[in-house]
Structure formats: structure tokens, C-alpha cells
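A closer look at the structure
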Amino acid sequence: MNHGLIHHIEIYVSNLNKTIHFWDWFLSELGYTPFQKWEGGQSWKLGETYLVFVQAEERFLDIPYHRCRVGLNHLAFHADSRKFVDDMTKKLQQRGATILYADQHPFAGGENHYAVYFEDPDRVKVELIAP
């Protein structure tokens, strides 16, 4: 049953090409597959849920995104193991992603919360959490 599950999340971005470059590899690692693509956006799907990234119009780019403003704070994804989180952390570092709370990694969420926190090109915080 899908009742109550998230159908999709749509996020407007400042630079669609940078966003696609960043998210395509990450979502592929998690098992998402490309779903829809058009001139101004792209989506990836896993099961019945999909994520959509859309190029924001020029007239709305004057105020950049910040996760502490009203709106989305972060996206959190399940990982299947601590090893997967560790492997992805290395890949993120190799790709030049900003790892957040590096001095507390991988327990920035507490001693029982094994995760990596990082930012996408628009500085959206992303979290990958081990069971």
C-alpha cells in the first residue's frame, strides 16, 4: 500500500547542469534510475517515489537558497550499512563535495546515528544514514 508515502519531491535549482551532474551519480548509487527529462528539469525514481530537479527562472535567482530559511532543511536517505556510508563518504570527498560536521563524522547526529552529511551545488543539506 502506498497510502501516505511521499509520491515525489520537486526542488527548484540555480544551475540545472551542476545539479544533474551532482545528483545523477549519487541517486544511481542508491538505486534510483532516470525517470523523466526535459529542457528545464530531470527526475529520478526509486519504487513509487521520485525526485525532481527543475531550473528556477532567472527572475527568482536573486535570493539564493539557505536551509535555515523557511522551507526545506535537508533530504535524508537510508543506507543499507555503515560500510556503504563510509564508501559514499570517500566518493563524495573525491568529487569535492562539502562534508558537513566533518569534525564529528560519522556521529554528528549522536552516538547512535551513523551518517554522512553533505551539501549539493545549491547547498541543500543531504544526509545518508546507516541502520
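In this text the structure is predicted, and so the values were computed from the model without any measurement.

Turning to helix 1 (residues 16-29), a few remarks are in order. Across its 14 residues, helix 1 extends 20 Å between first and last C-alpha, which sits within 8% of the 20 Å expected from 1.5 Å per residue. At tryptophan 23, helix 1 shows its maximal kink, close to 25°. For helix 1, the capping residue at the N-terminal end is asparagine 15, with a side-chain oxygen 3.1 Å from the backbone nitrogen of asparagine 17.

Checked against the element boundaries, lysine 125 lands in strand 8 (residues 125-129). Of the buried charged residues, lysine 125 lacks a salt bridge, with glutamate 127 as the closest side chain of opposite charge at 6.3 Å. Separated by 3.1 Å, the side chains of lysine 125 and tyrosine 101 make a polar contact. When near neighbours in sequence (up to four residues on either side) are disregarded, lysine 125 contacts Arg67, Asn73, His74, Leu75, Leu100, Tyr101, Tyr117 and Phe118.

Pairing is mixed in the open sheet, where four strands are placed in the order 5-8-7-6. Of all the strands in the sheet, just strand 5 (74-78) and strand 6 (99-100) have a single pairing partner and so form its edges. Taken together, the five bridges between strand 7 (residues 115-119) and strand 8 define a ladder with antiparallel strand orientation. In the sheet register, alanine 115 faces strand 8, and the bridge partner there is isoleucine 129. Against the sheet, helix 2 (residues 82-94) engages strand 6, strand 7 and strand 8, with an angle of about 25° to strand 7.

A separate point is the packing of aromatic side chains. Overall, the coordinates contain 13 aromatic pairs when judged by the stated rule. Note on tyrosine 32 and phenylalanine 77: the rings are 6.3 Å apart at their centroids and 85° apart in plane angle, and the pair reads as edge-to-face. Here the residue tyrosine 32 occupies a position in the loop between helix 1 and strand 2 (33-38), and phenylalanine 77 occupies one in strand 5, the gap between them amounting to 45 residues. An identical accessibility class is assigned to tyrosine 32 and phenylalanine 77; each is buried. The interplanar angle of 85° and the centroid separation of 5.3 Å between the aromatic rings of phenylalanine 107 and tyrosine 114 together place this pair among those described as edge-to-face. What makes phenylalanine 107 partly exposed here is its relative accessible area of 34%.

Cut-off values and rules
- Residues numbered from 1 in each chain as written.
- Predicted model: local features only at pLDDT ≥ 70, side-chain atom pairs only at ≥ 80, totals over all residues.
- Heavy atoms only, no water.
- Helix = DSSP H or I, 4+ residues; strand = E, 2+ residues; numbered from the N terminus.
- Expected span 1.5 Å × (residues − 1).
- Bend = angle between axes of the 7 residues up to and from the residue.
- Polar contact = N/O pair within 3.5 Å; in protein donor to acceptor, adjacent residues only side chain to side chain.
- Buried < 20%, exposed > 50% of the residue type's maximum accessible area, 1.4 Å probe, protein only.
- Lys, Arg positive; Asp, Glu negative; His and termini not counted.
- Salt bridge = Lys/Arg side-chain N within 4 Å of Asp/Glu carboxyl O.
- Contact = heavy atoms within 4.5 Å.
- Pairing = 2+ DSSP bridges.
- Axes fitted to C-alpha atoms, helices over the stretch in contact; angles between N-to-C directions.
- Phe/Tyr/Trp six-rings, centres within 6.5 Å; stacked < 30°, edge-to-face > 60°.

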